[in-house]
Amino acid sequence: MSKVSIITINYNNLEGLKRTMDSVVHQTWQEFEYLVIDGGSTDGSATFIESQSETIDYWVSEPDKGIYNAMNKGIAKASGEYLLFLNSGDHLYDKEVLAQSIFHLTSYDLVCFDMEVLGREKSSIFSAPDAVRFSDLYFDFLPHPTTFIKKELFVTVGLYDESFAIISDWKFFILALFKYNCSYKKINETLSTFYADGISSVGNHLQERRHVMKDYFSGYLLDFDELALHRKLAQTNRFKILSELEKSILGKKAASFFLRTGLFLFSRKKLNDL
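Residues numbered from 1 in each chain as written. Predicted model: local features only at pLDDT ≥ 70, side-chain atom pairs only at ≥ 80, totals over all residues. Heavy atoms only, no water.

Peer 1: Give me the lowdown on the nonpolar core, citing residues and values where you can.
Peer 2: Ranked by internal contacts, the top residues of the largest apolar core, which has 47 residues, are Phe85, Ile149, Tyr160, Phe172, Ile174 and Met213. Excluding residues that lie within four positions of it along the chain, Phe85 makes contacts with Ile7, Met71, Ile75, His144, Pro145, Ile149, Phe154 and Tyr160. (Core = buried A, V, L, I, M, F, W, Y, C linked by side-chain atoms within 4.5 Å. Buried < 20%, exposed > 50% of the residue type's maximum accessible area, 1.4 Å probe, protein only. Contact = heavy atoms within 4.5 Å.)

Peer 1: Account for the packing of aromatic side chains, naming residues and giving values.
Peer 2: For the coordinates displayed, the defined rule picks out 17 aromatic pairs. Centroid distance Phe139 to Phe224: 5.3 Å. Interplanar angle 25°. Geometry classified as stacked. Residue Phe139 is found in the loop between strand 7 (123–126) and strand 8 (147–150), and its partner Phe224 is found in helix 8 (residues 221–247); the two are separated by 85 residues along the sequence. By the ring-pair criterion, three or more aromatic residues cluster together here, those being Phe134, Tyr138, Phe139, Phe178, Phe217, Tyr220 and Phe224. Over the ring of Tyr195 we find Arg19; its NZ or CZ atom is 3.8 Å from the centre of that ring. (Phe/Tyr/Trp six-rings, centres within 6.5 Å; stacked < 30°, edge-to-face > 60°. Helix = DSSP H or I, 4+ residues; strand = E, 2+ residues; numbered from the N terminus. Lys NZ or Arg CZ within 6 Å of the ring centre and 35° of its normal.)

Peer 1: Can you break down unusual backbone geometry residue by residue, with the values?
Peer 2: Most peptide bonds adopt trans geometry, and most residues besides glycine take a negative phi value. The phi dihedral of Asn12 is positive, around 50°, even though this residue is not glycine. For Asn12, a relative accessible area of 31% corresponds to the partly exposed category.

Peer 1: Would you mind going over helix 3 (residues 67–77) in detail, with residue names and values included?
Peer 2: Along helix 3, the residues classified as buried are Tyr68, Asn69, Ala70, Met71, Asn72, Gly74 and Ile75. Packing partners of the buried residues in helix 3 comprise strand 1 (4–10), strand 2 (33–38), strand 4 (82–85), helix 5 (153–156) and helix 6 (168–178).

Peer 1: Lay out the pairing of strand 6 (residues 110–118) in plain terms, naming residues and giving numbers.
Peer 2: With eight of nine residues buried, strand 6 is to be regarded as a mostly interior element. For strand 6 and strand 8, the ladder comprises three bridges, and the chain directions are antiparallel. Counted as the bridge partner of Leu110 is Ile149 from strand 8. Summarising the sheet, strand 6 and strand 7 pair through four bridges and their orientation is antiparallel. Counterpart to Leu118 in the pairing with strand 7 is Ser123. Linking strand 6 back to strand 7 in an antiparallel pair, the connection comprises four residues. (Pairing = 2+ DSSP bridges.)

Peer 1: Give a description of the environment of Asp136 that names residues and reports values.
Peer 2: Looking at the secondary structure, you find Asp136 in the loop between strand 7 and strand 8. Overall, the relative accessible area of 17% leaves Asp136 in the buried class. Along the chain, Asp136 and Ile174 lie 38 residues apart, while their C-alpha atoms are 9.8 Å from each other. If near-sequence neighbours (up to four positions away) are discounted, Asp136 is found in contact with Pro129 and Ala131. A distance of 2.8 Å separates a polar atom in the side chain of Asp136 from the backbone nitrogen of Arg133. (Polar contact = N/O pair within 3.5 Å; in protein donor to acceptor, adjacent residues only side chain to side chain.)

Quick look at the structure:
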């Protein structure tokens, strides 16, 4: 059995797939299993995957029922002790990163690294907490491109819920940590690069999250709803104040800049104090 199985899912994202696969197959540490699950792409992805088949342990190109159905297909075929989901478009941080990371995979159920996030205008490093509190996952997440998951957890916790569009990995993590008490270790090193332009980067996660909270953690639902409302009002009021200031004499260039910065930092502090 391999120590690690890396699973890449793809659908009509040929250029992103090339970027992802290149980062995997050129790692200096190669003792991993690599699986590519394609959803029956029509953009040349399947032909490219086949051309790279010597570097892939398992691949398939066939219609699926969505992101989480494809991820579950990968789980079913993977033989690694730990699984890492690196979906098409995202990539490993550099060629040495697996060699430097493998030593952290010991007995913990979940081993989470930092993630570089690339947006259209700026980049940042996303770092999950060293110790995750239940409230940390109300509106935040553990990133699957940087979290090694013991395969046996998909027996204990269950596979990804295919009824949700964008939060099934979040559901898996919150259940693993706070229903099944799975062990967690945070490593303050960057493992992967995530491009903030995919389906998980857009849309409203709140309703799907609320559904999970109601089904599994109903005792916290009032707390969840109150904090969600507080966040919404804080954001709405911040933009309202900024809009009014811009219309006033204080809305001149220099003053506007400093007021925006101050109000932004103030609102962030208030939210972080929750």
